[in-house]
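# Residue-level structure breakdown
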Amino acid sequence: MNAQNLPDVPDTDDAVAGRIDEALVRRLVADQFPHWAELPVRAVEVDGWDNRTFHLGDAMTVRLPSGEGYALQVAKEQRWLPVLGERLPLEVPTPLAQGRAGAGYPYPWSVYRWIDGQTVRPERIDDLTRFATDLAGFLRALRCVDATGGPTAGRHSAWRGAPLSTYDAETRAAIETHRDRLPVAAVNDIWQAALDATWAAPPVWFHGDVAAGNLLVRDGQLAAVIDFGCCGVGDPACDTVIAWTLLHGLSRATFHDALDVDAATWARGRGWALWKALITLDNPEPGKAAEARHVLGQLLAEHTVAR
């Protein structure tokens, strides 16, 4: 299966996203959860792309999917986050209520308990090696949760956890588009090695979007992992991508060792990182293209050393 044959991957509906604001949230809460109607609503300082998030009082958040594909994730999180949260060593979101379409908004939505913390930035981490160890421990614990009945990788997870070949056509097209800016032979080597390193083990739980924006620190240490919208059951290689987006040197090596994954999983992780970097090289959002160039540099440097 390649990307050309897939159903639509979750995407933002600009018309819907443009209507999501504090007034809409107040209407939805007042209509469906009147016992919370008097609580103040305000946008969070750092928002996401898949969902728009708002404070509800001081102890809760409201998350509204920005498109139909992302709305598929609401029921999944409501069902599985309580199960996962009991078995994980760090704090994860706790669903408190599920809302329904209304007030001109077409999708289900969620109310969660607020988690205090700051999104990860290098300057907010006291010890990057300890951070890498703690994150690896969390992901190992996630992989160990019983996967029976869990949601198989698919559209709801943006195909995270599915075979990397899902995005083969898109990746090769991106390589061709940017061939004047890339060492094409090395990039093709990394991608082909990732495709060749297939997953043959039983499916396990994965988070699907282990990125700086979904990790919270308190007092300089990793405290919580949020946004399980891309989670599911399948190949966990996608959860290694942070090794090239945030970690480096000793912290990357420590993460690799503490995560306890084989060489094939690490190679597939490189493939996931490469795919995302290639398709975001021309992203107009500030910082995204620079991040993509950074990740490509990290992957190519590692490839050079490994040869």
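Our subject in this report is the structure included herewith. (Residues numbered from 1 in each chain as written. Predicted model: local features only at pLDDT ≥ 70, side-chain atom pairs only at ≥ 80, totals over all residues. Heavy atoms only, no water.)

Here we take up the overall build of the chain. Summing up its helical and strand segments, the chain has 10 helices and 10 strands in all. Computed over the C-alpha atoms, the radius of gyration of the chain is 19 Å, within 12% of the 19 Å expected from 2.2 N^0.38 for a compact globule of 307 residues. Judged by the C-alpha coordinates and their principal axes, the chain covers about 60 × 40 × 40 Å. Within the chain, the fraction of its 307 residues that count as buried is 53%. Here the contacts in the chain between residues at least 6 apart in sequence split such that 72% fall between residues at least 24 apart. Within the structure as shown, the chain displays about 14,100 Å² of accessible surface, and the carbon and sulfur contribution to it stands at 51%. Mean positive and mean negative side-chain charge positions of the chain (29 and 40 charges, respectively) differ by 1 Å. (Helix = DSSP H or I, 4+ residues; strand = E, 2+ residues; numbered from the N terminus. Rg over C-alpha atoms; globule rule 2.2 N^0.38 Å. Buried < 20%, exposed > 50% of the residue type's maximum accessible area, 1.4 Å probe, protein only. Contact = heavy atoms within 4.5 Å. Areas by Shrake-Rupley, 256 points an atom, 1.4 Å probe, with all protein chains shown as cover. Lys, Arg positive; Asp, Glu negative; His and termini not counted. Charge placed at Lys NZ, Arg CZ, Asp CG, Glu CD.)

This next bit is on helix 8 (residues 249-259). The set of residues buried in helix 8 consists of Ser251, Arg252, Thr254, Phe255, Ala258 and Leu259. The arc that holds the buried residues of helix 8, viewed along the axis, is 160 degrees, so those residues lie on one side. Along helix 8, the residues that are exposed and aim more than 90 degrees away from the buried face are Gly249, Leu250 and Asp257. On its buried side, helix 8 packs onto helix 4 (128-144), helix 7 (242-245), helix 9 (263-279) and helix 10 (288-306). Following helix 8 by one or two positions, Asp260 has its phi on the positive side, about 60 degrees. (Arc of directions from axis to C-beta.)

Bringing the pairing of strand 5 (residues 109-113) into the picture now. With 4 of its 5 residues buried, strand 5 lies for the most part within the structure. For strand 3 (residues 60-65) and strand 5, the ladder comprises 4 bridges, and the chain directions are antiparallel. Across the sheet, the residue bridging to Thr61 is Tyr112, located in strand 5. For strand 4 (residues 95-99) and strand 5, the ladder comprises 4 bridges, and the chain directions are antiparallel. Its bridge partner being in strand 5, Ala97 is matched across the sheet by Val111. (Pairing = 2+ DSSP bridges.)

On the basis of which strands lie adjacent, the open sheet formed by 3 strands has the order 6-8-9 and antiparallel pairing. Looking at the sheet topology across the chains shown, the edges are occupied by strand 6 (118-119) and strand 9 (221-225). By the bridge criterion, 4 bridges tie strand 8 (residues 215-218) to strand 9 in an arrangement that is antiparallel. Of the residues in strand 9, the one forming a bridge with Arg218 is Gln221. Taken strand by strand, helix 4 contacts strand 8 and strand 9, and its axis lies near 30 degrees from that of strand 9. (Axes fitted to C-alpha atoms, helices over the stretch in contact; angles between N-to-C directions.)

All told, the structure shown has 12 salt bridges when counted by the stated rule. Put simply, Asp227 and Arg63 hold a salt bridge, and the shortest N to O gap is 3.4 Å. Placement of Asp227 in the loop between strand 9 and strand 10 (232-234) and of Arg63 in strand 3 is noted, with a sequence separation of 164 residues between them. For the pair shown, Asp227 and Arg63 are each scored as buried. Through salt bridges with shared partners, a single ionic network connects Arg252, Arg270 and Glu302. (Salt bridge = Lys/Arg side-chain N within 4 Å of Asp/Glu carboxyl O.)

Our next topic: the packing of helix 6 (residues 184-196) against helix 9. The interhelical angle for the contact between helix 6 and helix 9, taken along N-to-C directions, is 130 degrees, at an axis separation of 8 Å. Overall, the two elements helix 6 and helix 9 adopt an arrangement that is oblique. Classified by chirality, the crossing of helix 9 by helix 6 is left-handed. Contacts between helix 6 and helix 9 pair Val187, Ile190, Trp191, Ala193 and Ala194 from the former with Ala267, Arg268, Arg270, Gly271, Leu274, Trp275 and Leu278 from the latter. A breakdown of the residues in the contact of helix 6 with helix 9 according to their chemical character gives 9 nonpolar, 1 polar and 2 charged. (Parallel < 35°, antiparallel > 145°, perpendicular 65-115°, else oblique. Left-handed = near helix turned anticlockwise from the far one by under 90°. Nonpolar A, V, L, I, M, F, W, Y, C, P; charged D, E, K, R; others polar.)

Right, let's talk about the packing of aromatic side chains for a bit. Evaluation of the coordinates by the stated rule reveals 9 aromatic pairs. Ring geometry for Tyr167 and Trp272: centres 6.1 Å apart, planes at 75 degrees, overall edge-to-face. Note that Tyr167 is positioned in the loop between helix 4 and helix 5 (168-177) and Trp272 in helix 9, a separation of 105 residues in sequence. Comparing Tyr167 with Trp272 shows no difference in burial state: the two are buried. (Phe/Tyr/Trp six-rings, centres within 6.5 Å; stacked < 30°, edge-to-face > 60°.)

Bear in mind that shape data such as this cannot, by itself, settle questions of function.
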